[in-house]
Amino acid sequence: MPIGAHVDADDPLGTARERGAEVVQFFLSDPQTWKSPTPHPQAAELRAAGVAVFIHAPYVLNVASTNNRIRIPSRKAVIAQAKAAAETNALGLIVHGGHVRQGEDPAVGVANWHKFLSRQAAEGGFGVPVLIENTAGGDGAMARGLDALDRLWDAIGEFDPGFCLDTCHAFASGEDLVGLVERARAITGRIDLVHLNSSRDAFGSSRDRHANIADGTIDAAQLVAVCAEARAPVVVETPATGQAADISHLRRELGV
């Protein structure tokens, strides 16, 4: 169960050593733009140091969108991000489930995911596993809460997509963390990565604002339990100044 953090791409290896991280996650391009990704220059060094790598896709991507000007570039971007992630020796590419606009039928977004994965499977798949992440808010979201996740996996499960479980997102969406891993795994069949984040906001707030373990509104023992039950790599996406303490806390409580 490697434990680490989301870090800046400038020097992920140096940051990993500084924070005692066995796994790092970072972006290969600006997360708020459509800029094309490039493989990270520290790929070989990270592998030699035994640091596992995950890449997070930009936030602007939305494979579910009904807008062609968003959906089609999103598909191309996921493919490009996966290729660059593979060249960075990454274990997976994390992609948000996306959403449709207010008043639109979420089933259309689900169908868009199916079309994308079906077409890419026919082309030979992706360079790395694509891990779909649960999200915090939005009635038209594809992966907000387990009911939406179940609907999505019913449509795309045949392509065996990966799954990234975010604790803050689940908490914000109104999902009880007690027993969450078992319920999520019953839907997806797997948990490939845990984003272990506390929340700055209350349960069911639909707000995606991460907090360090000691400072957030989520019971720290529940966060530790999610890690223990998931038996997957763990990445904290918490404020940077407290990441080393978060990693140390998890190692101490999990005995790893």
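Residues numbered from 1 in each chain as written. Predicted model: local features only at pLDDT ≥ 70, side-chain atom pairs only at ≥ 80, totals over all residues. Heavy atoms only, no water.

Draft legend 1. View of the UniProt feature "domain: Xylose isomerase-like TIM barrel" (unreviewed entry) in the protein. As recorded in UniProt, the feature "domain: Xylose isomerase-like TIM barrel" (unreviewed entry) lies at residues 16-248. Secondary structure across residues 16-248 comprises 39% helix and 14% strand; the distance between its end C-alpha atoms is 13 Å. (UniProt positions renumbered as here; feature names shortened; annotations may be inferred. Helix = DSSP H or I, 4+ residues; strand = E, 2+ residues; numbered from the N terminus.)

Draft legend 2. Region of the structure containing helix H7 (residues 180-188). Looking only at H7, the buried set comprises Leu180, Val181, Ala184 and Thr188. Angularly, the buried residues of H7 cover 90 degrees about the axis, an arc narrow enough to put them on a single face. Opposite the buried face of H7, by more than 90 degrees, sit the exposed residues Glu182 and Ala186. In this fold, the buried residues of H7 make contact with helix H5 (145-156), strand E6 (162-166), helix H6 (167-172) and helix H8 (220-230). Of the residues one or two after H7, Gly189 is the one with positive phi, at around 80 degrees. (Buried < 20%, exposed > 50% of the residue type's maximum accessible area, 1.4 Å probe, protein only. Arc of directions from axis to C-beta. Contact = heavy atoms within 4.5 Å.)

Draft legend 3. Geometry of the side chain of Thr88. Considering the arrangement of structural elements, one finds Thr88 in the loop between helix H3 (68-87) and strand E4 (93-96). By relative accessible area, which is 0% here, Thr88 ends up buried. When sequence neighbours within four positions are dropped, the list of residues in contact with Thr88 reads Phe26, Leu28, Pro39, His40, Ala43 and Val53.

Draft legend 4. Region of the structure containing empty space enclosed by the protein. Using the criterion set out here, one finds 1 cavity of 30 Å³ or more in the structure. When its volume is computed, the largest cavity comes out at roughly 40 Å³. Residue composition of the lining of the largest cavity, by class: 5 nonpolar, 4 polar and 1 charged. (1 Å grid on protein atoms, 1.4 Å probe; cavity = no way out; pocket = protein on both sides within 12 Å on 5 of 7 lines; lining within 4 Å. Points joined across faces, edges and corners; volume = space filled by probe spheres on them. Nonpolar A, V, L, I, M, F, W, Y, C, P; charged D, E, K, R; others polar.)

Draft legend 5. Main features of the sheet that holds strand E10 (residues 234-236). Strand order around the closed barrel formed by 8 strands is E1-E2-E3-E4-E5-E6-E7-E10, with parallel pairing between neighbours. Here the strands of the sheet are splayed against their neighbours by 30 degrees on average, with no regard to which way each runs. Alignment of strand E3 (residues 52-56) against E4, held across 2 bridges, turns out to be parallel. Note that in E4 the partner of Ile55 across the bridge is Leu93. (Pairing = 2+ DSSP bridges. Axes fitted to C-alpha atoms, helices over the stretch in contact; angles between N-to-C directions.)

Draft legend 6. The arrangement of the packing of aromatic side chains in detail. Enumeration according to the criterion identifies 5 aromatic pairs in this entry. Members of the aromatic cluster, each reached through a chain of ring pairs, are Trp113, Phe116 and Phe126. (Phe/Tyr/Trp six-rings, centres within 6.5 Å; stacked < 30°, edge-to-face > 60°.)

Draft legend 7. Focus on the nonpolar core. In terms of nonpolar packing, the biggest core is built from 65 residues, with Val24, Trp113, Leu196 and Leu250 touching the most fellow members. With 6 residues, H5 is the largest single contributor of residues to this core. If sequence neighbours within four positions are ignored, Trp113 has contacts with Val63, Ala64, Val95, His96, Gly97, Ile132, Met142, Leu152 and Ile156. The next biggest cluster of nonpolar side chains, apart from the first, holds 8 residues, and it includes Ala52, Ile94, Cys164 and Val235. (Core = buried A, V, L, I, M, F, W, Y, C linked by side-chain atoms within 4.5 Å.)

Draft legend 8. View of the layout of surface pockets. Taken as a whole, the largest pocket holds about 290 Å³ of empty space. If you go around the largest pocket, you meet 18 residues; those closest to its centre are His96, Gly98, His99, Thr135 and Gly137. By volume, the second largest pocket amounts to about 250 Å³. Along its surface, the second largest pocket is lined by 20 residues, and His6, Tyr59, Glu237, Thr238 and Gln243 are the ones closest to its centre.

Draft legend 9. Spatial organisation of the pattern of salt bridges. Taken as a whole and assessed by the stated rule, the structure comprises 10 salt bridges. A salt bridge links Asp160 to Arg190; the shortest N-O distance between them is 3.0 Å. Within this pair, whereas Asp160 is found in the loop between H5 and E6, its partner Arg190 is found in the loop between H7 and strand E7 (193-195), the two being separated by 30 residues in sequence. Owing to a relative accessible area of 51%, Asp160 belongs among the exposed residues under this scheme. Here Asp201 and Arg207 are joined by a salt bridge, their closest N and O atoms 3.8 Å apart. Looking at Asp201, the relative accessible area reads 9%, which means it is buried. (Salt bridge = Lys/Arg side-chain N within 4 Å of Asp/Glu carboxyl O.)

Draft legend 10. The side chain of Ser199, seen in detail. In this structure, Ser199 sits in strand E8 (residues 198-199). The exposure class assigned to Ser199 is buried, which follows from its relative accessible area of 0%. Among the polar contacts listed, one links the side chain of Ser199 to the backbone nitrogen of Asp201, at a separation of 3.0 Å. When near neighbours in sequence (up to four residues on either side) are disregarded, Ser199 contacts Cys168, Phe171, Arg209, Ala211, Gly216, Thr217 and Ile218. (Polar contact = N/O pair within 3.5 Å; in protein donor to acceptor, adjacent residues only side chain to side chain.)

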